[in-house]
Amino acid sequence: MDKIVFKVNGEECKVACHVSPDETLLDYVRERLGLRGTKYMCREAGCGACIVSAKRSSQQPYAVNSCMIPILACHGLEITTIEGVGNKKKGYHKLQTTLAENNGTQCGYCSPGWVMSMYSLLQTKPDRTMLDIEQSLSSNVCRCTGYRPILQAFKKFAKDAPKTDDIIDIEDLSKCNISRTSCKENCSDDEDGWCVVHECDVDRGIALKLKDGRYWYRVGRIEDVFEVLKDKGDDSYMLVAGNTAKGAYPIEEYPRILIQINNILELKGYVMDQNLIIGAGSTLNEFRDICMKVSENEYFRYLRKFYDHLGKVAHVPVRNVGTIAGNLMLKHQHNWFASDIYLLLETVGAQVTIVRYKNVKQTVTMQQFLNQNMKGVIILNIMLPPLNDEYKLVTFKIMPRRLNAHAIINAGFLFQLSKFNIVRDARVVFGGLSPSFTRAYKTERYLLGKDLFTNETLQGTLKVLDDELVVEERLPELGVEYRRQTALALFYKALLILCPDFKIHPRYRSGAINLHDTRPVSQARQIYHTDPSMYPVNQPIPKIDALYQCAGEAFYSEDVPALPGECFAAFCLTTIGSGEIASIDTKKALSLHGVIAFYTAKDIPGINSFTPKGGIFPEKEEILCNGTVKFFSQPFGIIVAKTKHIAERAAKLVKVEYKNVRKPVIDIKEAMKDPNRVTVNSSITATDKGNDVYKVIKNVHTMFGQFHFTMEGIVCVVEEGLKVYMGTHFVDGAHIAISKALKIDQSRIDIYVRRVGGSYGLKITRGNQSAVACGLVALKLNRPCRFIQSLTDTTRSIGKRLTCTNDFEVGVNKNGVIQYMNYDMYHNFGCSVNENLLSGLVTDAFFNCYDKSRWNYNGYNVVTNLPKNTWFRAPGNLEGVSNAELIMEQISYELSLDPVEVRLNNLDREQYGDIENMYKRLKKDTDYNKRRMIVNKYNKANRWKKRGLRFSFSKWNSSPLGNFNVLLCVYQGDGTVVISHGAIEIGQGTNTKAAQVCAYSLKIPIEKIQVKGCDTTKGPNSDQAAASLASQNVAVGVQKCCKVLLERLESFRKEMVDATWEEIVKAAYLDGVDLQVECHVSVKDSEPYPYTVFAEVEIDVLTGESEILRVDILEDVGTSVSPEIDIGQIEGAFIMGVGYWTSERLTYADTGELLTNRTWNLHVPLCTDIPQDFRVYFKENSYSYAAIMGAKAVGEPPLCLAICVPLAIREAISEARSECGIPRNQWFPIDGPSSVDVIALSTATKKEQFKFH
Ligand SMILES: Cc1cc2nc3c(=O)[nH]c(=O)nc-3n(C[C@H](O)[C@H](O)[C@H](O)COP(=O)(O)OP(=O)(O)OC[C@H]3O[C@@H](n4cnc5c(N)ncnc54)[C@H](O)[C@@H]3O)c2cc1C
Ligand code: FES
Ligand code: FES
């Protein structure tokens, strides 16, 4: 056969040799079928945006990451994309409407992926519990919502969901939306095994010679694989099973021969002789199901542990297609890989059967397998031994977040014990320590004949193990010290788990509990009052675009259909952090088939800058490096090609010679010492000084960077002409940048932005660089160009949240009242001090809500060899507020005072006195006194689990920003209304609030109002939509427009007393009234708002894992225009802060290269990382200005509140330290997120403390 035939949403599709192996199902549905509802971000199975549902005729549908599946591997598949689930024409699916109604979408870019994940889950197993659902959704990232509303929506589909009025028929939902039949087949239920692929799936195979010279085969028998290799050679080939390994270790270029093997029956299913033999081509979820099923057999009970561990491997869609063999080969090819499959198999002494040409089979141990030459060899099956009750198995996987991350370290322990717990045999296995060390043989030998559960055996073994462990450094993995300590701690933990209870002192039993396993299904409450007399203003309603977003019908910039003749561009990035470019060699890149052009700074007709000087840009930042390299991964050229893949590949082939290469300075502490890199930004002198100095505290706190991690990346499409589609919320800035760089009048450039798929500050100015580059290509080649910056390129080449170092000296009295403060703050701007306002914002926040009269403040801008750092949600404020909170906390530690007391003693009561009342309310609502008692008791009773409780305070001063046009038109035909404005909808709900205000002002139903996108014709000169003020600006503009319109209609309304809105509009139109109104608006909102928050956390002292048990936020939002949207902003911002403070670590090499540049190693929170109990309250009876209908800014402030999480963790740590004799009042440094390593190492735990009693 020479065609790949499959169905997408019921329509037959065919591809043949014209596609390349790089082309994925994602590319195909978006680009060839124009089904742009499926989104993408990472292209490495790490974000979930691209999930679709797939099904073979005889199987149940399952979720897959369409970015992983080569289109050539789709033969026989029936694919359902978001368009096939529900849409405008055929009606929306209950999942789509429920997600929309529950406000589970903000920017909406992630929403189709969520719907598809849940849709597939329900198709496979409709009777899931709420906990099942939560734990199965770790495949998807949402950077906006904080997950609570998504979980709330989807948990309604659980069998144990509380009954509500909108009862959902789960049976009905499991029907396939294309065929409308229930999928009952479950091949893996077949009693006899070897059965997962039905005969009907097996065809006679496919052989394609692709246009790029590669070969694609789809075979049905093992011998066919060997035939192909014999015929075509085995010098360059790959067996394609699930093709997910490239998500972990990217494939730069596919080999010459690709053989799809996931249809080979011999590699599937299982049989049992004495051993359990499982086909190595079984997917990880099939493996998991087999484990569950076979664990009923008394000799395979241990497989229940496998089942649990496999639930922590990758996530559902990867496990749906990724195979056992693929995973083992990953370990074989990349010895560093902490494979969980290898770990499990090696722990129980499993073996692997491999097969060579002519059916020569060999059974090898796992260790032998790693040393095999696997060229031309297929993994046939794995053989798991029977183990009787004498064998005790424990396995662990430590991750930077609860689910969906590869192991930092994993461990497996198998002990064969006599009746009296004497060790007859032992296997001690680790992953993640070094490429070669996996078995602790010496330790195993040491244990033989010993009573496993005595303090002596434990301590003796720990010494041997410590000596034996080989732990190597490998950035960006966590440090050697943590991994070594945790390896020892896991051994101890395993023994605690196995040890009979009566032998363990009750205080140590807490070590036997895996913290994350105790996590219940999450719960949440949102507590606020509304005033129905104001409706639809102040009415809790879903976002007006929510349903379109959940259906994949919402348009984002890169959803522009493929344009005739379009080409693709990619940046070439420098590979040094400081030095000069000597020469550029493009020969190899330009000779790659499909490459069209290469441009450097010399090709730019205007100024080589995407930040034309003026306003917030004191400096010109280069579009393309003109010789002097300022940071690692600085763009120096643009490659243009026929496809995105070719452009990206070619970009890497451009070779650069460098000269005068210097070591880049990236660490702010180093840069601070160089006066040439430091300039004063602002100084504020104290107006008062106290004399009652009881203690002087000096310290340096360093805050760290954060990557925005927007789900829609940096993208731009430019039609020759120039019409620009891009993600920006500073349209004027982009407009000027493109015009100046390309030397074209602004009037000849149209920018259109319908909505932005998440920004958090990134797309205010940083998208301009690729937009200008894209425009340059379109101009030079006179053809449309698409610029889609890959996630890795974006993380490396674009700046992030500013890191800052705060050097302070504070003198306090006995009550912690500040007598004087010298406070120097250094901001790491990266390579340029543009957007200087950033550190300016700190001048309003450095003292938080405390009396600043005794604070001397100096702010410094520091230049380093990093990409220019930029705006990030609550810029400056997060840094200022958090530093102030850290200082208050340190004072309370050093003086052994209650931290709240210290805060209240320093509060600026005149300005922020309200905080005290809010704190009192929260204290009551959270039942603080009782919980404090419980936590104290808990900490006393448990050695290896500790809890912490913290309040923290915060205030927000809005920075007046914004100059926007609002245009309101009424159509005389039907009285419907259209609004367009220059403040972009980035997920913050501006459009919904605009519609609510308009409906309220005109007294018409909200359904009559549409809010359209922004373009440079309707919204020229539009300022940045930033500082949480866009919604307020637009609301004011809408009110103004409505006022003008109502004045124009006034006489008609008076005359036509009983007339409808439509009749009045029509009459006015016929009388020549202009029904289009335009207003210019700029709101200066500078009232300070207070907030308070309370958090309770628990840590595992042995591993450093943490859980947020409960968070209560009390926020002053004024009179909320749209309460559900404001709740969403609060929850989303808070969880973004949780990521900042717990798991989002940025790691750089000495060269200045960012190593945490992918979803594989950059860990934003997922839905199982949010507080187990999450409550948000609005302050009652609050009001701001009449002009903004009493509302207050809401999008950014809650991010600052997340500081309470590391502070609560700190209390838990200090409780653990006190067990080691360190006084509770001793402050200890934590610079960076309170990640597992930081927590574990800060507890000062020593292996000598590990005991049973
Ligand atoms: C987002 C993500 C998260 C992940 N998390 C984890 C994790 O937590 N723990 C963990 O252990 N792993 C994890 N993985 C790795 C995952 O388990 C593997 O990607 C998967 O098992 C590979 O299987 P595959 O069928 O997709 O292999 P493929 O990608 O199809 O193939 C990989 C390699 O195996 C070879 N191969 C495949 N089948 C055979 C065979 N039968 N005989 C010989 N060679 C063969 C191929 O030639 C190729 O070289 C993760 C992966 C991703 C993408
Ligand atoms: S784009 Fe496929 S998972 Fe991110
Ligand atoms: S709504 Fe989920 S990423 Fe924006």
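Residues numbered from 1 in each chain as written. Chains lettered and ligands numbered in written order. Predicted model: local features only at pLDDT ≥ 70, side-chain atom pairs only at ≥ 80, totals over all residues. Heavy atoms only, no water.

Caption draft 1: Local environment of helix H33 (residues 990-1002). For H33, built from 13 residues, the straight-helix expectation of 18 Å at 1.5 Å per residue is met to within 8% by its first-to-last C-alpha distance of 18 Å. Among the 13 residues in H33, twelve count as buried, and that is most of the element. Turning to H33, its buried residues number three or more, namely Thr990, Asn991, Thr992, Lys993, Ala994, Ala995, Gln996, Val997, Cys998, Ala999, Ser1001 and Leu1002. Those residues of H33 that are buried lie in contact with strand E35 (964-970), strand E36 (977-981), strand E37 (1009-1011), helix H34 (1030-1055), helix H35 (1061-1070) and helix H36 (1123-1142). Phi for Lys1003, located one or two positions after H33, is positive at around 60°. (Helix = DSSP H or I, 4+ residues; strand = E, 2+ residues; numbered from the N terminus. Expected span 1.5 Å × (residues − 1). Buried < 20%, exposed > 50% of the residue type's maximum accessible area, 1.4 Å probe, protein only. Contact = heavy atoms within 4.5 Å.)

Caption draft 2: Expanded view of H35. Of the residues making up H35, those classed as buried are Trp1061, Ile1064, Val1065 and Ala1068. Buried residues of H35, seen end-on, are gathered within an arc of 100° and therefore sit on one face of the element. Those residues of H35 hidden inside the fold are in contact with E35, E36, H33 and H34. Among the residues trailing H35, Gly1072 stands out with phi positive, at a value near 90°. (Arc of directions from axis to C-beta.)

Caption draft 3: Representation of the side chain of Ser20 within the structure. Its place among the elements puts Ser20 in the loop between strand E2 (11-15) and helix H1 (25-32). Judged by relative accessible area, which is 18%, Ser20 ranks as buried.

Caption draft 4: A look at unusual backbone geometry. With an omega of 5°, the peptide bond running from Leu475 to Pro476 counts as cis. Examined against the element boundaries, Pro476 turns out to sit in the loop between helix H17 (455-468) and helix H18 (480-498). Cis geometry marks the peptide bond from Gly721 to Leu722, where omega comes out at 5°. Phi at Asn404 takes a positive value of approximately 55°, unusual for a residue other than glycine. Looking at the secondary structure, you find Asn404 in the loop between strand E15 (391-398) and strand E16 (409-417).

Caption draft 5: Main features of the sheet that holds strand E25 (residues 678-684). Taken in spatial order, the five strands of this open sheet run E25-E33-E32-E31-E26, and their pairing is mixed. Of all the strands in the sheet, just E25 and strand E26 (695-703) have a single pairing partner and so form its edges. On average, each strand axis in the sheet is tilted by 15° relative to the strand beside it, whichever way the strands run. As defined by bridge partners, strand E31 (residues 803-812) adjoins strand E32 (residues 818-830) across ten bridges and the pair is classed as antiparallel. Within E32, the residue paired with Val810 across the bridge is Met821. Packed onto the sheet, helix H28 (residues 877-894) meets E26, E31, E32 and strand E33 (855-863) and runs at close to 140° relative to E26. (Pairing = 2+ DSSP bridges. Axes fitted to C-alpha atoms, helices over the stretch in contact; angles between N-to-C directions.)

Caption draft 6: Inspection of the packing of aromatic side chains at higher detail. Inspection of the entire model under this criterion finds 44 aromatic pairs. Their ring planes at 75° and their centres at 6.3 Å tell us that Phe707 and Phe709 sit as a pair that is edge-to-face. Relative accessible area serves as the criterion here: at 2%, Phe709 is assigned to the buried category. Put simply, the rings of Phe396, Phe413, Phe415, Phe430 and Phe491 touch in pairs and so form one group of aromatic residues. Here the basic side chain of Lys689 rests over the ring of Tyr820, its NZ or CZ set 5.1 Å away from the ring centre. For Lys1003, the ring lying beneath its charged end belongs to Tyr1000, and the centroid distance is 4.5 Å. (Phe/Tyr/Trp six-rings, centres within 6.5 Å; stacked < 30°, edge-to-face > 60°. Lys NZ or Arg CZ within 6 Å of the ring centre and 35° of its normal.)

Caption draft 7: Looking closely at the environment of Leu208. Along the chain, Leu208 falls in strand E6 (residues 206-209). The exposure class of Leu208 is buried, given its relative accessible area of 4%. Separated by ten residues in the primary sequence, Leu208 and Arg218 have C-alpha atoms spaced 8.9 Å apart. In this structure, Leu208 is in contact with Asp2, Lys3, Ile4, Ala16, Cys17, Leu72, Arg214, Tyr215 and Trp216, ignoring residues within four places of it in sequence.

Caption draft 8: Representation of the site of ligand 1 in the model. Looking at ligand 1, there are 35 residues lining it, with Thr244, Thr323, Asp340, Ile379 and Lys397 nearest. Separating an oxygen atom of ligand 1 from a backbone N or O atom of Asn243 is a distance of 2.8 Å. Take Lys397: an N or O atom from its side chain is 2.6 Å from an oxygen atom of ligand 1. Out of a free accessible area of 980 Å², ligand 1 has 96% covered by protein chains. Contributing elements (two or more residues each) for the shell around ligand 1: strand E8 (237-240), helix H9 (245-248), helix H12 (316-321), helix H13 (324-333) and strand E14 (378-384). (Near = heavy atom within 4 Å. Polar contact = N/O pair within 3.5 Å; in protein donor to acceptor, adjacent residues only side chain to side chain. Areas by Shrake-Rupley, 256 points an atom, 1.4 Å probe, with all protein chains shown as cover.)

Caption draft 9: Up close: the packing of helix H3 (residues 94-101) against helix H4 (residues 111-124). It is the contact of H3 with H4, at a shortest axis distance of 10 Å, that shows an interaxial angle of 130°. When the axes of H3 and H4 are compared, the pair comes out oblique. Between H3 and H4 the crossing geometry is right-handed. Taking contact as the criterion, the partners of Leu95, Gln96 and Leu99 in H3 are, on H4, Ser111, Trp114, Val115, Met118, Tyr119 and Leu122. The residue makeup of the contact of H3 with H4, split by class, is seven nonpolar, two polar and no charged. (Parallel < 35°, antiparallel > 145°, perpendicular 65-115°, else oblique. Left-handed = near helix turned anticlockwise from the far one by under 90°. Nonpolar A, V, L, I, M, F, W, Y, C, P; charged D, E, K, R; others polar.)

Caption draft 10: The arrangement of the packing of H28 against helix H29 (residues 899-906) in detail. Packing of H28 against H29 brings their axes to within 8 Å, and their N-to-C directions diverge by 120°. In terms of axis orientation, H28 runs oblique to H29. The interaxial crossing formed by H28 with H29 has right-handed handedness. Packed against H28, whose contacting residues are Glu885, Met888, Glu889, Ile891 and Ser892, the element H29 presents Pro899, Val902, Arg903 and Asn906 at the interface.

Caption draft 11: Local environment of the pattern of salt bridges. In the structure shown here, the tally under the stated rule is 78 salt bridges. Across the pair Asp545 and Arg755 runs a salt bridge whose closest N-O atoms are separated by 2.9 Å. Within this pair, whereas Asp545 is found in the loop between strand E18 (523-527) and helix H19 (546-550), its partner Arg755 is found in the loop between strand E29 (750-753) and helix H24 (762-765), the two being separated by 210 residues in sequence. By relative accessible area, which is 7% here, Asp545 ends up buried. On the basis of relative accessibility, which here comes to 3%, the residue Arg755 falls in the buried class. Across the salt bridge formed by Glu1219 and Lys946, the nearest N and O atoms sit 2.6 Å from each other. Separated by 273 residues along the polypeptide, Glu1219 in the loop between helix H38 (1204-1218) and helix H39 (1236-1242) and Lys946 in strand E34 (residues 945-957) bring together distant segments of the chain. Looking at Lys946, the relative accessible area reads 0%, which means it is buried. (Salt bridge = Lys/Arg side-chain N within 4 Å of Asp/Glu carboxyl O.)

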